[in-house]
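# Secondary and tertiary structure notes
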Amino acid sequence: MGKLLLIEDDLEMQGLIKTYLEQARFDVLATDLPSKAMELMKENQGGIDLVILDLTLPEMDGFDLCKKIRAISQVPIIISTARGDIYNKIQGFEKGADDYLAKPYEPAELIARINAMLRRFKPKEMVFDNLVISIEKREAKLNNQVLDLTNTEFDILVFLIENRLHPISREAIANTINAIHEDSLLRSIDTHVRNLRVKLNDNAKEPKFIQSVWGIGYKFCL
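Parameters and conventions
Sequence order as written defines the numbering, with residues in each chain counted from 1. For this predicted model, a pLDDT threshold of at least 70 governs which residues receive local features, and a threshold of 80 or more governs which side-chain atom pairs are given and counted, while totals over whole chains, interfaces and linings are taken from all residues. In computing side-chain properties, one takes all heavy atoms of the structure into account and sets aside hydrogens as well as water. A run of H or I in DSSP becomes a helix once it reaches four residues, and a run of E becomes a strand once it reaches two; helices and strands are each numbered from the N terminus. Only protein chains enter the calculation, and the probe is 1.4 Å; a residue is then buried if its accessible area is under 20% of its type maximum, exposed if over 50%, and partly exposed in between. Should any heavy atoms of two residues lie within 4.5 Å, those residues are considered in contact. Any two strands with at least two DSSP bridges between them are considered paired. Between the N-to-C directions of two axes lies an angle of 0 to 180 degrees, each axis being a line fitted to C-alpha atoms and, for a helix, fitted only over the stretch in contact. Place the viewer so that the strands point away; then a crossover is right-handed whenever the path from the first strand over the helix to the second strand goes clockwise.

The name given to the chain in an unreviewed UniProt entry is Response regulator transcription factor, with the source organism recorded as Helicobacter cappadocius.

On to the side chain of Asp99. Note on placement: Asp99 falls in strand E5 (residues 99-102). Residue Asp99 is classed as buried on the basis of its relative accessible area, which comes to 14%. When neighbours within four sequence positions are excluded, Asp99 is seen to be in contact with Ile77, Ile78, Ile79, Phe93, Arg113 and Met117.

Strand order in the open sheet made by the three strands is E10-E12-E11, with antiparallel pairing throughout. In this open sheet, the two edge strands, each paired with only one partner strand, are strand E10 (168-169) and strand E11 (210-213). Bridge count for E11 against strand E12 (residues 217-220) is four bridges, and the pairing is antiparallel. Bridging from a neighbouring strand, Val213 pairs with Gly217 of E12. Each of E10, E11 and E12 touches helix H6 (residues 151-162); the most contacted strand, E12, lies at about 70° to it. Lying over the sheet, helix H8 (residues 187-199) contacts E11 and E12, oriented at roughly 150° with respect to E11.

Of all five residues in strand E1 (residues 3-7), four are buried; the element is thus mostly enclosed. One ladder, built from five bridges, connects E1 with strand E2 (residues 27-31); its direction is parallel. Across the sheet, the residue bridging to Leu4 is Val28, located in E2. Handedness of the crossover is the feature at issue here: the chain leaves E1, passes through helix H1 (residues 11-23), returns alongside E2, and the resulting connection is right-handed. Where E1 and strand E3 (residues 50-53) come together, four bridges link them in parallel fashion.

Below you can see the structure in the form of structure tokens.
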């Protein structure tokens with residue numbers, strides 16, 4: 001999914017965030033020291049896809065570190081901090097941050113922002129066993145064969161993948177996918193998913209990719 005650099009001085013918080021990100025299949029480098037963060041940036045030049053940066057750090061303030069990172073790299077930077085006031089937000093963007101997330105927040109929101117940032121800055125392929133998704137090409141391949149997905153089917157598949165840690169309700173799908181936003185019949189979601197499963201050779205009773213979650217909706221399995 002991508003390599004992330006997490007810079008967080010609260011070691012308990014660092015561990016929780018790192019675990020959550022790894023569960024979402026990110027490769028995570030973590031440190032609490034700005035000096036070590038700069039070492040990691042230089043050692044992994046071009047290999048780090050995104051930085052998550054706390055502001056309250058030893059050695060130097062997070063804003064100064066943000067400026068130093070930006071001086072050597074155009075990597076996307078998400079500031080993750082308890083300083084949620086507008087002055088700090090403005091300063092963060094002025095120092096080169098691309099997004100600003102005020103604590104406390106749900107880890108799922110961090111995942112969503114990371115995925116949005118990676119799509120914007122560095123579209124990549126997502127690989128799940130024999131299924132390959134290209135966001136840039138809007139293309140899905142199964143066993144190296146391009147699937148004939150409708151735009152709605154492709155968007156549903158990507159939405160489920162990006163939120164795969166949690167079951168996704170039909171309402172959430174309807175409110176997120178533009179093509180079905182105005183559709184008042186939530187049962188149409190089931191039709192789209194059923195067609196998607198057929199094209200993925202997925203068995204609803206023993207799913208490999210898309211699992212039905214009773215009373216809620218659907219969840220991506222891998």
